[in-house]
Amino acid sequence: MPSNPPLVEEEPVVEPVEATAAETRHVHAALTRTSTGKEDLRELESGLDSLQSDADRKHRIDWSRILLPVAALLVLVLVWQFYVSLGVKRRDLVPGPLDVLGQLGVLWSDGKLQESVWTSLQRGVVGFLISVAIATPVGLLLAQVAPLRRAFGPLISGLQVLPSVAWVPAAIIWFGLTDATVYFVVFMGAIPSIINGLISGVDQIPPQYRRVGTVLGASRLQMALQIVLPAALPGYLGGLKQGWAFSWRSLMAAEIIAVGGTIGFGLGSLLDQGRTLSDMAVVMAAILLILAVGILIELLVFGPIEKRLLRSRGLLSGSTR
C-alpha cells in the first residue's frame, strides 16, 4: 500500500504592510524575539521604515545651528556694551560695539578693509594649499617607511611645537620684506601639523586593510593612495584643520612683524597700524575681522567636509555636530 508523502509545512508569506510610527525599540524587540511569526516580521519592517524616515528628517535644515550661534553672539555684544557703559575704562581704551562698527564703516569707505581682508585671505589660502601639496606625500612617506619615521618623526613634532613667530626674524633676514617671508612662515606653521595629522590617521587604520591590499596585489603606491589615504581621512582632516589654524596664526604674526618693503597690506598690518596710532577702535576692528575670517572658513569649508565624511561612515548619528 503506497504511503502518503510527508506533509511539508509551508513557510509563512510576508505580506507588505503600510509603514507605521513605530519607535526604535520595536525593531530591537522584533530582532531579539525567538519567534519569527508574521507579527514580528511586520513590526520589524515598520520599525525599519520609521528609522529611515528619522534619517530623512535629519537631513532637513536644523535652525538651531543658525539661531544658537547668533544668540550667543548677541549676548556677547550686549555684555560688551554693558561693560563699556559702566565706564570702568575710557572709551579710547575700550571702545564700544558701535564705535568699532563705525570704524569698520570708515575702513570700508577708505578701501582698507577690502584690501586687508583680500590680501590676508589670498596669502592664507595659497600658502595653505601649497602646504597641503608638500605635507601630504611627506606624511604618507613617513607613515609607510618606518626608518624615515623614526629619523624625522621627532623633528616634525618639534617643528609643530615651535611657535611660528620664531621664524619671522630668520625669514626677514633670508628673504627681506617680501611676500616670500610671509609664505615661508605660513609653510613652517602648517606643514608639520598636516604631516602629524596624516600620520595619526594612518596609525588608526586596522591592519586588515593592508592585508587585503596585499592579497589583491596592490603596489606600494596603490596601497598608499587607494587604501591607506582614504582610510586615514578622519585623522588627515583633523590635521588639515589644525594646519589651517596654524597657517592663519602664522600669517598674522608675520604680517604684524614684517611691515614695509613690498609686503602688501593685510589684516596683520591693519592691526599693527592701529597699535602704532593707539587707536583701539582700529585694533578691535582688525581683531574681529581676523576672527570672522577664521570662523567663516570653518563653517563654509571644514565643517561641511567633516560632516559629509562622518555621515558617509555612519558616525554622524549621536554626534553633537
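That block above? That's the structure.
As a starting point, this report considers the structure included with it. Computed from a predicted model, the values in this text were never measured in an experiment.

### What to know about the side chain of S164
Tracing the backbone through its elements, the reader meets S164 in the loop between α6 (146-161) and α7 (167-175). Here S164 falls in the buried class, since its relative accessible area comes to 10%. Apart from residues lying up to four places away in sequence, S164 is in contact with V185, G189 and S250.

### Describing the pattern of salt bridges
Under the definition given, this model contains six salt bridges. Note that D179 and R123 form a salt bridge whose closest N and O atoms lie 2.9 Å from each other. Here the residue D179 occupies a position in helix α8 (residues 179-203), and R123 occupies one in helix α5 (residues 112-144), the gap between them amounting to 56 residues. Here R123 falls in the buried class, since its relative accessible area comes to 3%. In this structure, the salt-bridge partner of R123 is E255, at a minimum N-O distance of 2.8 Å. Of this pair, R123 sits in helix α5 while E255 sits in helix α11 (residues 233-257), and the two are 132 residues apart along the sequence. Classification of E255 by relative accessible area gives buried; the value is 0%. Connected via shared salt-bridge partners are R123, D179 and E255.

### Focus: the side chain of S131
The residue S131 is located in helix α5 in this model. When sequence neighbours within four positions are dropped, the list of residues in contact with S131 reads V186, F187, A190, I191 and I194.

### Describing the nonpolar core
I194, L240, W248 and L267 are the most contacted members of the largest nonpolar core, which totals 58 residues. Residue assignment for this core shows that the elements contributing at least two residues are α4 (97-110), α5, α7, α8, α10 (220-231), α11, α12 (267-276) and α13 (280-312). When near neighbours in sequence (up to four residues on either side) are disregarded, W248 contacts S120, L121, L267, I290, V293 and G294.

What counts as what
- Residues numbered from 1 in each chain as written.
- Predicted model: local features only at pLDDT ≥ 70, side-chain atom pairs only at ≥ 80, totals over all residues.
- Heavy atoms only, no water.
- Helix = DSSP H or I, 4+ residues; strand = E, 2+ residues; numbered from the N terminus.
- Buried < 20%, exposed > 50% of the residue type's maximum accessible area, 1.4 Å probe, protein only.
- Contact = heavy atoms within 4.5 Å.
- Salt bridge = Lys/Arg side-chain N within 4 Å of Asp/Glu carboxyl O.
- Core = buried A, V, L, I, M, F, W, Y, C linked by side-chain atoms within 4.5 Å.

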